[in-house]
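Next come the chains, spelled out residue by residue.
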Amino acid sequence: MRTRKSLMAVAAAAVTGLALAACAPTGATTGGSGDGESSAPIDVGIVYSESGPLAAYGAAYKQGFEAGIDHATDGTGTVAGHELNVTYHDDAGDPEKAVSQAKDLIGKGYQILGGTVVSGVALPLAEQAEQNKVLYVSGPAAVDTLTGINRYTFRSGRQSLQDVAAAGTFVDPQGAKVVVFAQDNAFGQGNLAAVEGVLGGQGAEVSSVLVPEDATEFTPFAKKVLDAKADMVFVAWAGATTGAMWQGLDQQGVLDETTVVTGLGDVATYGAYGDAAEKVSFLNHYFPGAAGTDTETAMLDAVEAAGGTPDLFTPDGFVAAQLIVHAIEEGAGDVEAMVDALEGYTFEGPKGETTVRASDHALIQPMYQARLVKDGDAWTPELVDVIDGESVAPAEATD
């Protein structure tokens, strides 16, 4: 595997200055993950947000992971004669806490770590994986620089560049005028950089209207977007002003005059668009029912039977389980063999055919176009189109 270099790193969340001391296990096959006994239990440590600002994402991930383990092991909880000992650890969205937990698990002999929905947590965990030569399968964290960061790190969800490429399917980027409408912060600037890199690289003319984070009146900014006469407006927004922002765009006629594209988030966000929802085009990583595959049905049935609610990041947990089980099947107790088994691995995930790209561990998977429709007092998503995974794959790292 070649290490991904600086390609689109500006689109990722900035996480720097983390001094991470290695805490290597005392032997290559210590602990439950490889003591030479064919039936020894295998330890898997999942570090995720049970609490903190992204706890809802963490819950969806965990529910998916548990369903995935059940599916991938045919309900036995064992792989190639090894019982799986899965332990869960709350990072609360805190990188320092997550690193401390990872060091503790590695010190106990764990050779397999997974989880986190937070980009700022995934990156230092990836560093720990490389320093200590353990397998790490990240969760929903979308930061692009996780792809290709090192040999030992994989991802179980999509990355930001796949979102941006999916947005580009709503227009022909060649010669199109694309305006990025976003908050003037790291999140918004990162999305702008990604659009410039992906859609600009495909021939689009990219400009932006960046709004101060503390803005509460959006009329003047909406007018700027309207005056730009764009072929597509890409909206990247988060936080309490979301509803007012969409109302401002709608009132100024932006939603009627051009194609406005944004990402469809978790179920809790469906009502944030108000009446503007029917005028917005949504790129989508996943919503329940989007894929229509047998594997998705198995995932949904298992999560609901356990009392959970399928959501945006349920597949990320399910896929993580599939990857970890496959790695153990092929190389239990030998981290290098487990890594080799995952590189180039193609399998039927809940979203359909899914491939771990061997060169940089990008996870190639279908994406979706969707719309929201009113169903009584609630908004529900409907599938518009399935986007082939290869057509929105991030650019491959080069030497």
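Residues numbered from 1 in each chain as written. Predicted model: local features only at pLDDT ≥ 70, side-chain atom pairs only at ≥ 80, totals over all residues. Heavy atoms only, no water.

So, on to the overall build of the chain. Within the chain, the regular secondary structure consists of 11 helices and 16 strands. In the chain, which comprises 399 residues, the proportion classed as buried is 56%. Once local pairs closer than 6 in sequence are excluded, the contacts in the chain between residues at least 24 apart make up 68%. (Helix = DSSP H or I, 4+ residues; strand = E, 2+ residues; numbered from the N terminus. Buried < 20%, exposed > 50% of the residue type's maximum accessible area, 1.4 Å probe, protein only. Contact = heavy atoms within 4.5 Å.)

Here we come to the sheet that holds strand S14 (residues 363-364). Sheets are built from strands that pair by backbone hydrogen bonding, the pairs being arranged parallel or antiparallel. The 3 strands lie next to each other as S12-S13-S14, forming an open sheet whose pairing is antiparallel. In the strand order of this sheet, the two ends are held by strand S12 (346-349) and S14, each with one partner. Where strand S13 (residues 352-356) meets S14, 2 bridges bridge the pair, whose relative direction is antiparallel. The residue of S14 that forms the bridge with Val356 is Leu363. (Pairing = 2+ DSSP bridges.)

Our focus in this paragraph is the nonpolar core. Core analysis: the biggest nonpolar cluster contains 50 residues, and Phe65, Ile112, Leu113, Leu135, Leu323 and Ile328 have the highest contact counts within it. Taken together, the elements giving at least two residues each to this core come down to strand S1 (42-48), helix H1 (55-72), helix H2 (95-107), strand S4 (112-115), helix H3 (119-132), strand S5 (135-138), helix H10 (314-331) and helix H11 (335-342). The element contributing the most residues to this core is H10, with 8 residues. Contact partners of Phe65, with chain neighbours within four places excluded, come to Val44, Ile46, Val86, Tyr88, Gly317, Phe318, Ala320, Ala321 and Ile324. Trp246, Leu249, Tyr270 and Ala370 belong to the second-largest nonpolar core, a separate cluster that totals 38 residues. (Core = buried A, V, L, I, M, F, W, Y, C linked by side-chain atoms within 4.5 Å.)

Spatial strand order, S2-S3-S1-S4-S5-S6: 6 strands in an open sheet with mixed pairing. If you trace the sheet from one side to the other, it starts and ends with strand S2 (78-79) and strand S6 (153-155), each paired once. Sheet topology places S4 next to S5; 4 bridges connect them, and they run parallel. In the sheet register, Leu113 faces S5, and the bridge partner there is Tyr136.

Examined bridge by bridge, strand S7 (residues 177-183) and strand S8 (residues 205-211) share 7 bridges and lie parallel to one another. Its bridge partner being in S8, Ala182 is matched across the sheet by Leu210. Of the crossover connections in this fold, the one passing from S7 over helix H5 (residues 186-198) to the parallel S8 is right-handed. (Right-handed = clockwise from strand over helix to strand, strands pointing away.)

Moving on: the packing of H2 against H3. It is at 9 Å that the axes of H2 and H3 come closest, and there the two elements cross at 25 degrees. Between H2 and H3, the angle is such that the two are roughly parallel. Considering only the axes of H2 and H3, their crossing is right-handed. For the pair formed by H2 and H3, the contact residues are Pro95, Ala98, Val99, Ala102, Lys103 and Ile106 on the first element and Gly120, Val121, Pro124, Leu125, Gln128 and Asn132 on the second. Taken together, the residues of the contact of H2 with H3 break down into 8 nonpolar, 3 polar and 1 charged. (Axes fitted to C-alpha atoms, helices over the stretch in contact; angles between N-to-C directions. Parallel < 35°, antiparallel > 145°, perpendicular 65-115°, else oblique. Left-handed = near helix turned anticlockwise from the far one by under 90°. Nonpolar A, V, L, I, M, F, W, Y, C, P; charged D, E, K, R; others polar.)

The next thing to look at is the side chain of Gln369. Structurally, Gln369 is set in strand S15 (residues 367-375). What Gln369 contacts, discounting residues up to four positions off in sequence, is Thr169, Phe170, Phe282, Glu382, Leu383, Val384, Asp385 and Ile387.

Let us look at the environment of Gly271. In this structure, Gly271 sits in the loop between strand S10 (259-263) and strand S11 (281-284). As for Gly271 and Gly243, which are separated by 28 residues in sequence, their C-alpha atoms are 8.7 Å apart.

Okay, the packing of aromatic side chains next. Applying the stated rule across the entire model yields 9 aromatic pairs. Ring plane angle 85 degrees and centroid distance 4.9 Å describe the contact between Tyr57 and Phe313, whose orientation is recorded as edge-to-face. Taken together, the positions of Tyr57 in helix H1 and Phe313 in the loop between helix H9 (294-305) and H10 put the pair 256 residues apart, joining distant regions of the chain. Taking relative accessible area as the criterion, Tyr57 reaches 24% and is therefore assigned partly exposed. What makes Phe313 buried here is its relative accessible area of 6%. Each member of the aromatic cluster is reached from another via a ring pair, and the members are Tyr48, Tyr61, Phe65 and Tyr88. Taking NZ or CZ as reference, Lys62 lies 4.5 Å from the ring centre of Tyr88, over its face. (Phe/Tyr/Trp six-rings, centres within 6.5 Å; stacked < 30°, edge-to-face > 60°. Lys NZ or Arg CZ within 6 Å of the ring centre and 35° of its normal.)

Let us look at H5. If you check H5, its first and last C-alpha atoms are 18 Å apart, about what 13 residues at 1.5 Å a residue would give, namely 18 Å. Here H5 has its buried residues at Gly188, Gly190, Asn191, Leu192, Ala193, Ala194, Val195 and Val198. Tucked inside the fold, the buried residues of H5 contact helix H4 (160-167), S7, S8 and strand S9 (232-236). Put simply, Asn185 is the residue that caps the front of H5, since its side-chain oxygen is 3.2 Å from the backbone nitrogen of Phe187. (Expected span 1.5 Å × (residues − 1). Polar contact = N/O pair within 3.5 Å; in protein donor to acceptor, adjacent residues only side chain to side chain.)

Before going further, it helps to examine the pairing of S7. Of all 7 residues in S7, 6 are buried; the element is thus mostly enclosed. With 5 bridges connecting them, S7 and S9 associate as parallel partners. Counted as the bridge partner of Val178 is Met232 from S9.

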